[in-house]
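Each chain, letter by letter, is given below.
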Amino acid sequence: MRKWVNNEGLSSAWIKVMGEGISVHVSMKLEIKDSPGQLVAALTPISEYGGNIIAVIHQREPETSSDTLGVQIVLEIDHERLDGLVAALRRQGVNILRLGEERLLFRQSVIMIGHLIHTDIGDTIDRIDRTGFAEVAELNVQMPAITEPSTALITIKATTRSKMDRALDLLREVAAEKGLVIVEPLEEADR
Amino acid sequence: MRIAVLGLGAVGKGVLRVLAEKPELGLVLTGVADSASGWIDPDGIDPGEVLDRKCTTNRCGTAGLTADDILDAGEFDVLVEVTPTNASTGEPALTYIRRALISGHHVVTSNKGPIAIAHAELEDLAREQGVALRYEATVGGAIPVIHAIRSGLLGNRAHAITGVLNGTCNYILTRMDEEGLTYDQALAEARELGYAEADPTYDVRGIDAAIKLVILANTCWNLGVTLNDVSITGIDCLTVDALRLAADQDCTIRLIAEASPERGQIRVAPRVLPRTHPLVIEGTLNAVTLSMDLAGEVTLMGRGAGSRETASAIVGDLLAIRDRFIECG
């Protein structure tokens, strides 16, 4: 039997800690004039603000007027510099149609083994969610025969690497209390 | 260089076979003892004859002649201590090693017990007496990890040691991953092939790997770590589903020993690793990654057990002692 519990439908979020600041993963939809040089003009401020462009997707949608072009850009940027970038883009005459920032950027999955359901899996999830800085984003529970231990892949998202460490400490504590075994990744969050 | 061998199990026999096979190494056997007999001859003993006797009579020499008699006679430069391991007391090996060092003899051992229990004391003793204590064979079989720490990577500071240090567990996890076997099925297979002991507790509960981690940690940092300091989770709790969930992410599970004083961490536990990770090795192999300040990550991989492989580590130690202390061979 397979059960999926989804807390949110966010796509996979990546993060890097760049210098002192926290880098966020931003998705923005821009409207630019459909003429030569306009795309480069729109992208220039991003590099000026130290942003790292992950993807540029052109969208020629039928409802847009013929002289503009929709472009979706996914980038990583220092959290502190995002507002500056938005202002700079506007100064360039770029129309920002949509801006999405992912708050929970660190993501880590661990495997839990034991009597997960009978030790109140709802409580296990709540204890992480209640922290305010981390939450259980996904849970995939595999349940064999009723008497045998079940196994789950639990994915946690957190705001920063140190908060992720605290969330994992908490999960270890809960697991020890409930007699569950946690199999952690060897490498740190965000892989 | 004259050597005395205490213990004639798989490791002791392996050492004698190498001595018989490679007389050019200049290692002369002058004493040997098993649990029931012994043989002392300052002029040299033919290792082939010892092996024949052991094979036909299950005794290597004269009945009643003991390890203590060999130590009393002192007719050797290096003691090769390869008696069975006792992980809780280290005895009787610990006493043999102490006696040899106190009387000014070098010691080479494959015995994890005494090194894990009394590393600092024995090292101090060796230093006071101006002799060598070497124990490459205690960790990772043929892999020269202690040589790497003590000579190849001299001048480096170690940030962390991470490794697969138990071949039995690695074999079981490899089979669970590859064939979807349950833990019990894979363990039964490992037993049939002689990779697991009749009582596999010591291996599958992570204790063997933890003892080896203690030895490596003390070799690297000399912080007096003991087995009690290690947080240990074995592999006997792992389900087929756990391996499958890891596989869904293009990962697998291995028993990883990990020590890092910077992170205040010393533990043995099953961990999820990407399949492409250098520590994801197959079957009974062992591997160790040394994370160093100058060298970066250095990973050594090889056979972690076996009579001949362990003899390789012991012979390497013997020749290193000869080169350093006994120039004329």
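Please refer to the structure higher up on the page.
Described below are features of the structure shown in this document. (Residues numbered from 1 in each chain as written. Chains lettered and ligands numbered in written order. Predicted model: local features only at pLDDT ≥ 70, side-chain atom pairs only at ≥ 80, totals over all residues. Heavy atoms only, no water.)

Residue and element names in this part refer to chain B. Reading across the sheet, the 7 strands line up as E4-E3-E2-E1-E5-E6-E7 and stay open at both edges, with mixed pairing between neighbours. Every interior strand has two partners, whereas the edge strands, strand E4 (62-63) and strand E7 (133-134), have only one. For strand E3 (residues 37-40) and E4, the ladder comprises 2 bridges, and the chain directions are antiparallel. Following the sheet pairing, Gly 38 is matched in E4 by Thr 62. (Pairing = 2+ DSSP bridges. Helix = DSSP H or I, 4+ residues; strand = E, 2+ residues; numbered from the N terminus.)

Take unusual backbone geometry next. Residue and element names in this part refer to chain B. Note that the residue after Glu 91, namely Pro 92, is joined by a cis bond; omega there is 0°. Of note, Asn 58 is a non-glycine position whose phi angle comes to about 65°, a positive value. Its identity as a non-glycine residue notwithstanding, Asn 222 has a phi of 50°, on the positive side.

So, about the side chain of Thr 138 of chain B. Residues and elements named next belong to chain B. Looking at the secondary structure, you find Thr 138 in the loop between E7 and helix H6 (145-152). For Thr 138, a relative accessible area of 1% gives the class buried. A polar side-chain atom of Thr 138 sits 2.7 Å from the main-chain carbonyl oxygen of Tyr 135. Setting aside residues up to four positions removed in sequence, Thr 138 forms contacts with Thr 109, Ser 110, Asn 111, Lys 112, Ile 115, Ile 146, Lys 212 and Ile 215. (Buried < 20%, exposed > 50% of the residue type's maximum accessible area, 1.4 Å probe, protein only. Polar contact = N/O pair within 3.5 Å; in protein donor to acceptor, adjacent residues only side chain to side chain. Contact = heavy atoms within 4.5 Å.)

Okay, the environment of Asn 52 of chain A next. Turning to its location among the elements, Asn 52 of chain A is positioned in strand E4 (residues 52-59). Put simply, Asn 52 of chain A and Ile 113 of chain A are 61 residues apart on the chain and 39 Å apart in space, counted from C-alpha to C-alpha.

Attention shifts here to the pattern of salt bridges. A side chain with one charge may pair with a side chain of the opposite charge, provided their charged atoms come close. The tally for this structure, following the rule as stated, stands at 33 salt bridges over all chains. Note that Arg 2 of chain B is salt-bridged to Glu 75 of chain B, the shortest N-O span being 3.2 Å. Taken together, the residues Arg 2 of chain B in strand E1 (residues 2-6) and Glu 75 of chain B in the loop between helix H3 (67-73) and strand E5 (78-81) connect sequence positions 73 residues apart. Residue classification places Arg 2 of chain B among the partly exposed positions, given a relative accessible area of 26%. Across the pair Arg 150 of chain B and Glu 123 of chain B runs a salt bridge whose closest N-O atoms are separated by 2.4 Å. Residue Arg 150 of chain B is found in helix H6, and its partner Glu 123 of chain B is found in helix H5 (residues 112-129); the two are separated by 27 residues along the sequence. Note on Arg 150 of chain B: relative accessible area 29%, which makes it partly exposed. On the basis of relative accessibility, which here comes to 13%, the residue Glu 123 of chain B falls in the buried class. Via salt bridges that share partners, Asp 169, Arg 172 and Glu 184 of chain A together with Glu 258, Arg 263, Arg 267 and Arg 271 of chain B belong to a single interconnected network. (Salt bridge = Lys/Arg side-chain N within 4 Å of Asp/Glu carboxyl O.)

Everything listed here is a matter of coordinates, which is why it stays silent on function.
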